[in-house]
Structures are given as structure tokens and as C-alpha cells.
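Topology and contacts: notes
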Amino acid sequence: MKPFAVFPLHKKHDLVQVESFEHSRFLAGGTNLVDLMKHQIESPDQIIDLSGFEQAYDITDSEQQVTIGTMVSNTELADYAYQQPGLSLLSQALLAGATVQLRNRATTGGNLLQRTRCYYFYDTTRPCNKRKPGSGCAAINGFNRNHAILGTSEHCIASHPSDMATAMTALDATVHTCNANGETRQIPVRELYRLPGDTPHIETHLGADELITAVSIDKTPRGTHIYQKVRDRSSYAFALVSVACTMQVKDGIISDINLAFGGVGSQPWHAQAAEEYLRGKSATTELFEHAADVELSSAKGSGYNDFKIPMLKRTLVHVLTQASEHQNQHPEHEGAIYAR
Amino acid sequence: MSSITINGQTHALPDDPRTTLLDFMHQHLQLFGAKKGCDHGQCGACTVLVDGERMNSCLLLTFQLAEKSVTTIEGLSNGEELHPLQQAFIDNDAFQCGFCTSGQICSGVAAQQELKKNRPSTLWFDPNHTKTEDLKERLSGNLCRCGAYPHIIDAVSSTDDSQEVK
Ligand SMILES: Cc1cc2nc3c(=O)[nH]c(=O)nc-3n(C[C@H](O)[C@H](O)[C@H](O)COP(=O)(O)OP(=O)(O)OC[C@H]3O[C@@H](n4cnc5c(N)ncnc54)[C@H](O)[C@@H]3O)c2cc1C
Ligand code: FES
Ligand code: FES
């Protein structure tokens, strides 16, 4: 690991005192950044340490929304969301990710901004446009089993690995930020990420000096929540494919639907085309299959990940079927189909 | 000056901010109980308790842990008297080479605390899950290359979960 200086941040306005952000990184739980620094994939000169960012450790609950401080751990958020039917999707996604040890340390902001698990991004002896712009992409013609099928470009096919961000995308969460000039922004998480295009090393719309302070989620009835994750083993593995869904059905008609996919997109994938296709129609298997085809019309396999296209279709149809059957029987239901 | 407490003893934080908690314990304090399996957060051999919560010490930069209290496998026993889960590992023959064992035990002690606090696991969304499956899910962050898993689960299941973490 390369030596670095430490700037301890205690409140967001401390950002003003940071001399330069050019070779700086914010450090939250470190479960991703410390690993990348060990591999020298990241080699910041300065770490802005968020462990003393005291305003950012709370979850606040108002009538309209829940606001989650960026330093709230994945464990605390999963526990909290488990108790709130309206946030069940978030709890289901978080508990399906990583392990207790990691979730105890990982934070909300860090989870959103975790980097890809592309093998070639991690292998510093191989070309990777994300790690070293202009060097090429070893994954496109390489072993690309965990790679994306949606949103990719000829320069990068890396997938975004986060389960939590997929649920946040379905729940239409809002990311709150503050920069070094003290300016604050609210960015829908659906607009936080950038497609790789020819600049896959630039992953979000955040400025280098822009700190995530919190994430908020509106309290609105969303019906049945299902997060379905498909992976190589039943615990402690990243998603090959995941589907985050909330659905309301009134008199057999889909009145409200939110859909996002994980493990398949270069960013947590908001399945907007499928949502639009489904909304207002009567819930049938045929409809669900068509909705999958509509969303997947632009999907592109790269060889070893071709299986993700039919797998995503089957997973989506399964989730939509479960959610609609449950809504038909329990039209007023909010949250998971079952929670102990 | 900022300090960290490990098994009840207070230490100054290391000068070099790159020092992970695992390296600090190994190289500065001669505490070799927590093991380095992968050094990348993937195996759980380095698991310790930080303010009672289990974490992978290989991914923790020590400077971030000012004023925290860490318990390692060395801090679980009461002098010569083993922690009940340590004894249960012996009684259930729950290790072969022993490399993963300190992490397994720290993780098991924490898992029992988490169950007492009613912390959910992903299996709580499945109406048909068993207690054993739930425990396996909770302990999946600790790999055992010798494959002692069945006995590890037996050991953790066998101990009384009212035991407090020291
Ligand atoms: C073995 C292993 C298995 C895993 N399995 C899964 C899984 O199945 N599913 C899953 O979703 N995740 C998984 N993860 C990833 C894990 O969820 C992330 O590492 C974690 O959420 C990152 O959070 P952190 O607080 O540790 O972030 P850090 O490592 O501290 O930071 C990550 C990035 O976010 C930036 N950042 C952090 N906070 C802020 C902020 N407030 N403002 C601006 N930038 C910020 C940092 O600069 C850095 O670039 C796994 C990780 C490991 C090591
Ligand atoms: S050594 Fe820390 S998880 Fe493997
Ligand atoms: S006992 Fe050998 S690795 Fe677990």
C-alpha cells in the first residue's frame, strides 16, 4: 500500500479545509477501498477519514421519508428496514449480500460506491479501461461470467455488484451530497451512476469533492416487496442475476410497479421499459414474459455470461408471478411475502 | 493521544496509518490468535469483535479505531478457564488443522449475541428454514478449508446462547 496522509472529517463543512481532492479518497468502512489499496488499484495520497463524521450515523424517520446517514452500517440498516414493511426490499437485499462481518463494517454511502468485481479490474497485470483508461478491456474477449449484459460499451462490460443499490434503485431513493463549497444536492439514485461509454473510469455524476451525507427514501405504499438473488452458492457470493421488485395489484390490474436488476448492468439497472410495459395491464404470465423481452431487447452477452439473458428472464417472470399472486390474495399487503 | 483497547489493554495507535488491525496485532503486539488467511476480507480467519461486533480485522485500518475496544480469541477465556464455545469446539471435535478456528469461535460468539438481539438473517424471509440452516447462513463468513463445518455447527449449536461476550 502506498503511504497516504489522513484528513479526519468530523462534519460536512470540514470539506472546506481540504486542500486538494485530486488524489484523495473518502474512507468509510474500508471493506472495498482498503482492499483496492492493498492491490494498488487505488493509491490515494490522502484519505479523508469519515469515521468521525458524527452527523452521519443516524437513521431519522419523518412522516414523509426515512433518511439514512451515510455512515449507518449495512447491519443497522438491514435491522431497521426489517422492522418496517415499507422498507422490506432494502432489508432483503442487504441480508442477501456479503457476510455479517462485512455488513457490520460496510456503510450506506460506501455500498453505493463500491467498485466492480470484474476479475480484470482486480488483476493489475491485465488491461482494464476502468483501472487504466485507454489500456483496453481484457474482459470482452476473456472469462466474463460475472459481467454485465445491460448498459455495456465496447470499452467496458463490468457489472455493478451491489445488492443494496439495486433495492435503492427500485425504491427510487435520493442521495444527499455536499461539496467543498458547502453546496448541497439531492440526486435520485436512478441518476447517480454513469454508463461506461468511452469513459468507464468515471462511474458516477459526483464531483471529486462531493461527499455523500445521507440517502432518503419516500414513505409511500408500494405493495409486495421481493428481492430475488441468484448466485453460484446460497450464501456469501455476489449476484449473477438479481431482481428487486415492488408491486401493487388492484382488481387484477398492476397499479404500481418498481423494478431494478442487480449483477447484470454496468450500473444498478432501473428496468424502466419493463415497468412502463407492465403498468396498468392485467397480470398474466404472457405479459411478464413480454415485459422481460422488452427490457432485454438491448441485452448483449459476451460469451461466458450469455446465460444471464435467459436467467434474468426466468427470474423476472418468477418474481412478477409471485408478487402478483400474493397481491391478488392480499391486496392491502405491504412488504415481504413472509418475514419471521 | 488516541488509543485502542485490545483484550482490556490500552495501546497507542500505530504511527503508520496503513497498519491494519490484523498486522498491528501480529507485528506490534505479538497477538497471533487472529489468523491471516486471505488478507482481503474473503475468508473470516481474522475475525475479531470490535465493541462486540464481529469484523474482518484484515480490512480495518487501525487508525480508524480510536477509542474502540477489541476482543480477540486471546481475550475470550477467563485466565485458564476456556470460554464455553472454546470448550464446545474441543468437545465436538470442531477443527482439524485449526487455522480457521479462532475466527470461527469469535464469529460463533458474536452470532449468539446477534440471535439474542433478534437480528434477522436472509433466511428469516423463508417460512421453511430450520435453525441449523439459519446458523449456517450466519457463519458463512468463516471458511474452513479442512471442511470441519458439520462439527463447527454442532459446537455452536451446543452452547448456551445466554453466555455474554466478555
Ligand atoms: C468478500 C466480500 C464479499 C462481498 N459480497 C457482497 C455482496 O454479496 N453484495 C454486495 O452488495 N456487496 C458485497 N460486498 C461489498 C460490500 O458491500 C462493500 O465493500 C461495502 O458496502 C463498501 O462499504 P464501505 O463503507 O466499506 O466502503 P469503503 O470501502 O470505505 O468505500 C467504498 C467507496 O465509496 C467511497 N465512499 C464511501 N463513503 C463515501 C461518502 N460518504 N461519500 C463519497 N464517497 C464515499 C469511497 O471513497 C470508496 O471509493 C462484498 C465485499 C467483500 C469484501
Ligand atoms: S484474512 Fe481477513 S478475511 Fe481472510
Ligand atoms: S480446521 Fe483447518 S481450515 Fe478449518
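Residues numbered from 1 in each chain as written. Chains lettered and ligands numbered in written order. Predicted model: local features only at pLDDT ≥ 70, side-chain atom pairs only at ≥ 80, totals over all residues. Heavy atoms only, no water.

Some points on the domain arrangement of chain B
Residue and element names in this part refer to chain B. Each domain of chain B was delimited in the assignment, giving domain 1 (3-75) and domain 2 (84-158). Contact residues are listed per partner, giving 15 residues for domain 1 and 18 residues for domain 2. Of the roughly 1,300 Å² buried at the junction of domain 1 and domain 2 (both faces included), carbon and sulfur atoms supply 52%. Where domain 1 packs against domain 2, one counts two salt bridges. In this structure, Glu 53 engages Arg 119 in a salt bridge whose closest nitrogen and oxygen atoms are separated by 2.9 Å. Here domain 1 is connected to domain 2 by eight residue pairs in polar contact (both at pLDDT 80 or more). Among the elements of the structure, strand S3 (47-50) and strand S4 (53-56) are those that each provide at least two residues to the side of domain 1 that touches domain 2. (Domains from an automatic or database assignment. Contact = heavy atoms within 4.5 Å. Buried area = accessible area lost by both parts, 1.4 Å probe. Salt bridge = Lys/Arg side-chain N within 4 Å of Asp/Glu carboxyl O. Polar contact = N/O pair within 3.5 Å; in protein donor to acceptor, adjacent residues only side chain to side chain. Helix = DSSP H or I, 4+ residues; strand = E, 2+ residues; numbered from the N terminus.)

A word on the site of ligand 1
Lining the immediate environment of ligand 1, one finds 34 residues, of which Phe26(A), Thr31(A), Leu33(A), Thr107(A) and Asp163(A) sit closest. Residue neighbours of ligand 1 fall on chains A and B, so the site bridges chains. Between Thr31(A) and ligand 1, the recorded distance is 2.7 Å, taken from a side-chain N or O atom to an oxygen atom. Here an oxygen atom of ligand 1 and a backbone polar atom of Leu33(A) are 2.7 Å apart. Taken together, the elements giving at least two residues each to the shell around ligand 1 come down to strand S2 (24-27), helix H5 (108-112) and strand S8 (211-218) of chain A. Looking at which element gives the most residues to the shell around ligand 1, the answer is H5(A), with three residues. Residue composition of the shell around ligand 1, grouped by class: 15 nonpolar, 15 polar and four charged. (Near = heavy atom within 4 Å. Nonpolar A, V, L, I, M, F, W, Y, C, P; charged D, E, K, R; others polar.)

Notes on the layout of surface pockets
Approximately 990 Å³ is the volume attributed to the second largest pocket. Considering the residues around the second largest pocket, the lining is formed by 35 residues, among which Arg231(A), Ser234(A), Thr122(B), Leu123(B) and Glu137(B) are closest to the centre. The set of elements that each furnish at least two residues to the lining of the second largest pocket consists of strand S9 (224-230) and helix H10 (308-329) of chain A together with helix H4 (131-138) and helix H5 (149-158) of chain B. Counting residues per element, the lining of the second largest pocket draws most heavily on S9(A), at five residues. Per-class residue counts for the lining of the second largest pocket are 16 nonpolar, 11 polar and eight charged. (1 Å grid on protein atoms, 1.4 Å probe; cavity = no way out; pocket = protein on both sides within 12 Å on 5 of 7 lines; lining within 4 Å. Points joined across faces, edges and corners; volume = space filled by probe spheres on them.)

Describing the packing of helix H2 (residues 84-91) of chain B against H5(B)
Pairs of packed helices are described in terms of their axes, by the angle between the two and the distance that separates them. Residues and elements named next belong to chain B. Two numbers describe how H2 lies on H5: the axes approach to 8 Å, and their chain directions differ by 140 degrees. What the angle tells us is that H2 and H5 run oblique. Helix-helix and strand crossings are classified by hand; for H2 and H5 the assignment is right-handed. In contact with Leu 85, Ala 88 and Phe 89 of H2, H5 contributes Ile 152, Ala 155, Val 156 and Ser 158. By residue class, the composition of the contact of H2 with H5 is six nonpolar, one polar and no charged. (Axes fitted to C-alpha atoms, helices over the stretch in contact; angles between N-to-C directions. Parallel < 35°, antiparallel > 145°, perpendicular 65-115°, else oblique. Left-handed = near helix turned anticlockwise from the far one by under 90°.)

Focus on H10(A)
Residue and element names in this part refer to chain A. Compared with the 32 Å implied by 1.5 Å per residue over 22 residues, the 31 Å span of H10 between its first and last C-alpha is a close match. Within the span of H10, buried status applies to Lys 308, Met 311, Leu 312, Thr 315, Leu 316, Val 317, Val 319, Leu 320, Ala 323, Ser 324, His 326 and Gln 327. Residues of H10 that are buried in the fold lie against S9, strand S10 (241-250), strand S11 (253-262), helix H8 (272-278) and helix H9 (285-296). (Expected span 1.5 Å × (residues − 1). Buried < 20%, exposed > 50% of the residue type's maximum accessible area, 1.4 Å probe, protein only.)

Some points on the domain arrangement of chain A
By a frequent convention, interface size equals the accessible area lost on bringing the separate parts together. Residue and element names in this part refer to chain A. Here chain A is described as being made up of domain 1 (5-52), domain 2 (55-113 + 160-218) and domain 3 (224-336). Between domain 1 and domain 2, the C-alpha centre-to-centre distance is 18 Å. Taken residue by residue, the interface counts 13 residues in domain 1 and 16 residues in domain 2. Between domain 1 and domain 2, roughly 1,400 Å² of surface is buried when both sides are summed, and carbon and sulfur atoms account for 69% of that area. Across the domain 1-domain 2 interface, the total number found is three residue pairs in polar contact (both at pLDDT 80 or more). A class-by-class count of the residues in the side of domain 1 that touches domain 2 yields seven nonpolar, four polar and two charged.

Topic: the interface of chain B and chain A
Each side of the interface is counted separately: chain B has 39 residues, and chain A has 38 residues. Each partner contributes to the roughly 3,300 Å² buried at the junction of chain B and chain A, and carbon and sulfur atoms together form 58% of this total. Three residues, Arg18(B), Gln64(B) and Phe125(B), lead the burial of chain B against chain A; their summed loss comes to 23% of the area buried on that side. Connecting chain B to chain A are two salt bridges. Residue Asp39(B) pairs with Lys38(A) through a salt bridge whose shortest N-O separation is 2.9 Å. Joining chain B to chain A, the criterion identifies 18 residue pairs in polar contact (both at pLDDT 80 or more). Elements supplying a minimum of two residues to the side of chain B that touches chain A: S4, helix H3 (101-116) and H4 of chain B. Examining the composition of the side of chain B that touches chain A, we find that four residues originate from one element, S4(B), more than from any other.

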